[in-house]
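Below, each chain spelled out in residue letters.
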Amino acid sequence: MQWQSLSLFATPVIKIQIPGYLQARDFFFERINQQVDAAKVRKEHNHITHYFSESNVFKAFPELAWLSDELEKAGTFAYCELLNYRKSRDLKLTNAWFNLCDVGGVQNRHSHANCRLSGTLYLNTDDNTRIRFMHPLSTSSMHTEIYDQPSEDDNPYGLGFHFPFVDVAVQAGDCLFWPSQLHHGYDTNKTPNRLSLSFNLMPQHMNTIYQIV
Ligand SMILES: [Fe+2]
């Protein structure tokens, strides 16, 4: 049998190193974790605590302006240059928050709304730290997809279309950027005090009609 398989429409997850990340990690453990107003902390049942997830941590702490600038610079490069949205202008952060996770914590599958590009900067990791990205054609149980379970063995033709998700290893200083609608999360966390900073980005101009003020 003659056959051909076309791998169409690659899904981007872009990794960029952010200089000075140790300074951000120390700032979190010395300032934010110790002194933050309890109203700004959301403790989840799954061993994850979010700090400033309903506002913007950069507005609360001007000392972190340098990090906001670094993330917007890296995000603009990823979006405009690598993903080819060169008609849009610079990306701006719409919100940003810290995530602290105990061993055993789980981040449920989710995506981010009202933004184009999302990302996470990793600040405290070890050899076990992973993030899971779901296949973009897979859906959550809220949708009417007819689900079938593929074989978990390797495909005999070397193809990888059956993978329902991919786990990506991350190290402190890595910053991942991905399209905001891509579902992600992670299974049981094995990293003590897993710390990251997540954020959403929007272009200043979009489709010639949208503008961030
Ligand atoms: Fe997320």
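Refer to the structure printed above.
**Observations concerning helix H1 (residues 21-35)**
Along an α-helix, residues three or four positions apart point the same way, because every turn accommodates 3.6 residues.
Link 1 in the chain: With 15 residues, H1 extends 20 Å between its outermost C-alpha atoms, agreeing within 8% with the 21 Å of an ideal straight helix rising 1.5 Å per residue.
Link 2 in the chain: Among all positions in H1, only Ala24, Phe27, Phe28 and Ile32 are buried.
Link 3 in the chain: Against strand E3 (48-51), helix H2 (57-60), helix H3 (65-82), strand E4 (91-101), strand E6 (117-124) and strand E11 (194-203) lie the buried residues of H1.

**Structural notes on the sheet that holds strand E7 (residues 130-134)**
Hydrogen bonds along the backbone pair up the strands of a sheet, which may run parallel or antiparallel.
Link 1 in the chain: One open sheet holds the four strands; their spatial order is E5-E10-E7-E8, and the pairing between them is antiparallel. Only two strands of the sheet have a single neighbouring strand rather than two, namely strand E5 (107-110) and strand E8 (165-169). Sheet twist, expressed as the mean angle between neighbouring strand axes with direction ignored, is 25 degrees.

**Things to note about H3**
Link 1 in the chain: With 18 residues, H3 should reach 26 Å at 1.5 Å per residue; the first-to-last C-alpha distance of 25 Å fits that figure.
Link 2 in the chain: Buried residues of H3: Leu67, Ser68, Glu70, Leu71, Glu72, Ala74, Gly75, Thr76, Ala78, Tyr79 and Cys80, and no others.
Link 3 in the chain: A positive phi of about 80 degrees marks Asn84, the residue just after H3.

**Focus: the coordination of the iron ion**
Around a metal, the ideal angle is 109.5 degrees if four donors adopt a tetrahedral arrangement and 90 or 180 degrees if six donors adopt an octahedral arrangement.
Link 1 in the chain: Surrounding the iron ion are the protein donor atoms His110 (NE2), His112 (NE2) and His184 (NE2), at 2.1 to 2.2 Å.
Link 2 in the chain: Taking the relative accessible area as the measure of exposure, His184 reaches 5% and is therefore buried.

**Some words on the pattern of salt bridges**
Link 1 in the chain: Overall, the coordinates contain seven salt bridges when judged by the stated rule.
Link 2 in the chain: The partner of Arg25 in a salt bridge is Asp26, and the shortest N-O contact between them spans 3.9 Å.
Link 3 in the chain: A relative accessible area of 33% places Asp26 in the partly exposed class.
Link 4 in the chain: Note that Arg132 is salt-bridged to Asp167, the shortest N-O span being 2.7 Å. Remark: Asp167 occurs in strand E8 and Arg132 occurs in strand E7; sequence separation between them is 35 residues.
Link 5 in the chain: The structure contains a network of salt bridges with shared partners spanning Arg132, Asp167 and Asp187.

Each value, and the rule that gives it
- Residues numbered from 1 in each chain as written.
- Predicted model: local features only at pLDDT ≥ 70, side-chain atom pairs only at ≥ 80, totals over all residues.
- Heavy atoms only, no water.
- Helix = DSSP H or I, 4+ residues; strand = E, 2+ residues; numbered from the N terminus.
- Expected span 1.5 Å × (residues − 1).
- Buried < 20%, exposed > 50% of the residue type's maximum accessible area, 1.4 Å probe, protein only.
- Contact = heavy atoms within 4.5 Å.
- Pairing = 2+ DSSP bridges.
- Axes fitted to C-alpha atoms, helices over the stretch in contact; angles between N-to-C directions.
- Donors = N, O, S within 2.8 Å, 3.2 Å for Na, K, Ca; no water.
- Salt bridge = Lys/Arg side-chain N within 4 Å of Asp/Glu carboxyl O.

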